[in-house]
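# Overview (structure and organization)
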Amino acid sequence: MESSPLPLQLADGLVDLQARELVRGDTRTKLTTREVEVLAFLARRAGEVVSQEELEREVWEYRPGVRSDAVRMSLSRLRQKIEVDPSNARNLHAVRGRGWCLELADPRRWVFGRDETLAHLLGRIEAGSRALCLVGPGGIGKTTLATELARKWSTRVGSPVTICDLSAATDADTALFVLALALGHPLRGDDFVAEVAELRAAIERRGDRLLVLDNLEQLPDVELERLRPLWDARPVTAVATCRRSLGWADEIRIEPMTVSAGAELFLARARQVDPRFRADEEELRALVEALGCVPLAIELAAARVSVLPIDELRRRLSQPLGLLRTEDSQRPERHRSMEAAIRWSWDLLTEQQQAVLRQCSVFRGGFLATDAEAVTDVPEADVLSILDQL
């Protein structure tokens, strides 16, 4: 049986090729058969410039040598239809003298409700901050923010940025190896100090203005200190993501999304699964609140909309760890379920930290340090320090 064509994700909407509709929020605009054929053809060459002659031949099926202004006029009308502001096209571009180019968005990279945070982070870098750390629990959106920050900064200053996933590194030697690969400068020596100096010089020669160090939580402080010369290199600014505080001067705690932004995220992910998905606004907001406005939890729940309606999703949150999971191999293992995200953080705790957290689990909601002192079996003087680490 022939599968249905996948929807096309635009910068500010979605094209359902099967239903021949442009979906933008609750608004649906009908597309003609020809417009769908053009979009499907350009989507197969997304990001490339396709000449008008090729479109005439492959889509309109004109004979060689036959020219018509109908193609240009059809594409101009299509752009009027799919662009919010045709004078500032974000999807279908006319490339003077060459043809047409369709840009499709990767919805996994969309950032919802974080404009103020991104503006603040960009402002800190422009003010001269050399080391920023985004701190927050697993699934809160630190990597997404750091990646979008890097994209915006690179666009603004026109210089290269490097993004390095260090989740597999548990010591400075491994981290150095991974960083060197990310920077395109593999190391072959066995003198750690000399290799750090070599890589620092490479960073300074490349002219990178931003170095994103993603997932530092599993690296002990003593190992991070061995790598510090790398992010002291000039003129680079280091942006780290971590589930724990690193004690950097500029640390920004990433909070859960607003309910409105969480609802936008849910709709975007749900429509990847089912382009026709609709939801009652109040029911959707209630579900997002029940998910704690945590981006990872929202995305995992949205992946279930093809088999569970909103009210049933919310009802089943009484057992969230079984519900909030996916087999998506493009996700890192620690982000394929809320259970995996929690386990990753739990395994990074010391035995004493685990004991305090386990004993404090008797509280529902918040609690005071004095409450924790009353239920834990560690010395009272240590409780406050351990809570700060958690």
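Residues numbered from 1 in each chain as written. Predicted model: local features only at pLDDT ≥ 70, side-chain atom pairs only at ≥ 80, totals over all residues. Heavy atoms only, no water.

### Describing helix α11 (residues 295–302)
Counting buried residues along α11, eight of its eight residues qualify, which places the element largely inside the surrounding structure. Listed in full, the buried residues belonging to α11 are P295, L296, A297, I298, E299, L300, A301 and A302. (Buried < 20%, exposed > 50% of the residue type's maximum accessible area, 1.4 Å probe, protein only. Helix = DSSP H or I, 4+ residues; strand = E, 2+ residues; numbered from the N terminus.)

### Brief notes about unusual backbone geometry
Located in the positive-phi region is E61, a residue other than glycine, with phi close to 60°. Judged by its relative accessible area of 63%, E61 falls in the exposed class. Residues other than glycine seldom take positive phi values, yet N215 does so here, at roughly 70°. Within the element layout of this structure, N215 appears in the loop between β10 (210–214) and α8 (221–231). N215 gets classed as buried once you look at its relative accessible area, which sits at 5%.

### Brief notes about the nonpolar core
For soluble globular proteins, nonpolar side chains are generally found buried alongside one another. L134, V239 and F266 are the most contacted members of the largest nonpolar core, which has 42 residues in total. Sorting the residues of this core by element identifies α4 (115–126), β8 (131–135), α5 (142–157), β10, α9 (259–273), α10 (281–290), α11 and α12 (310–315) as the ones contributing at least two each. Here this core gets seven residues from one element, more than from any other, and that element is α9. With near-sequence residues (within four places) excluded, V239 lies in contact with L132, L134, A146, L149, L210, L211, V212 and L213. Core analysis: the second largest hydrophobic core is formed by 31 residues, C133, A175, W231 and A240 among them. (Core = buried A, V, L, I, M, F, W, Y, C linked by side-chain atoms within 4.5 Å. Contact = heavy atoms within 4.5 Å.)

### Side note on the sheet that holds strand β1 (residues 8–10)
The four strands lie next to each other as β1-β2-β3-β4, forming an open sheet whose pairing is antiparallel. What marks the edges here is a single partner per strand, and that holds for β1 and β4 (27–30). For this sheet, the mean angle separating the axes of adjacent strands, direction not counted, is 20°. Pairing of strand β3 (residues 21–24) with β4 involves four bridges; the strand directions are antiparallel. Counted as the bridge partner of R24 is T27 from β4. (Pairing = 2+ DSSP bridges. Axes fitted to C-alpha atoms, helices over the stretch in contact; angles between N-to-C directions.)

### Observations regarding the environment of G139
Secondary-structure assignment places G139 in the loop between β8 and α5. For G139, a relative accessible area of 11% corresponds to the buried category. Along the backbone, G139 and D274 are 135 residues apart, and their C-alpha atoms lie at a distance of 23 Å.

### Regarding the packing of aromatic side chains
For the structure shown, the criterion picks out two aromatic pairs. Their ring planes at 40° and their centres at 6.2 Å tell us that W231 and W248 sit as a pair that is tilted. Here W231 is found in helix α8, whereas its partner W248 is found in the loop between β11 (237–242) and β12 (250–253), with 17 residues between them in sequence. Using a relative accessible area of 11% as the deciding quantity, one classes W248 as buried. Relative to F277, the ring of F266 has its centre 6.0 Å away and its plane inclined at 50°; by these criteria the two rings are tilted. One end of the pair, F266, is in helix α9; the other, F277, is in the loop between α9 and α10, with 11 residues separating them in the sequence. By the burial criterion, F266 is buried, and F277 matches it. R226 extends its terminal NZ or CZ atom over the ring of F192, reaching a point 4.0 Å from the ring centre. (Phe/Tyr/Trp six-rings, centres within 6.5 Å; stacked < 30°, edge-to-face > 60°. Lys NZ or Arg CZ within 6 Å of the ring centre and 35° of its normal.)

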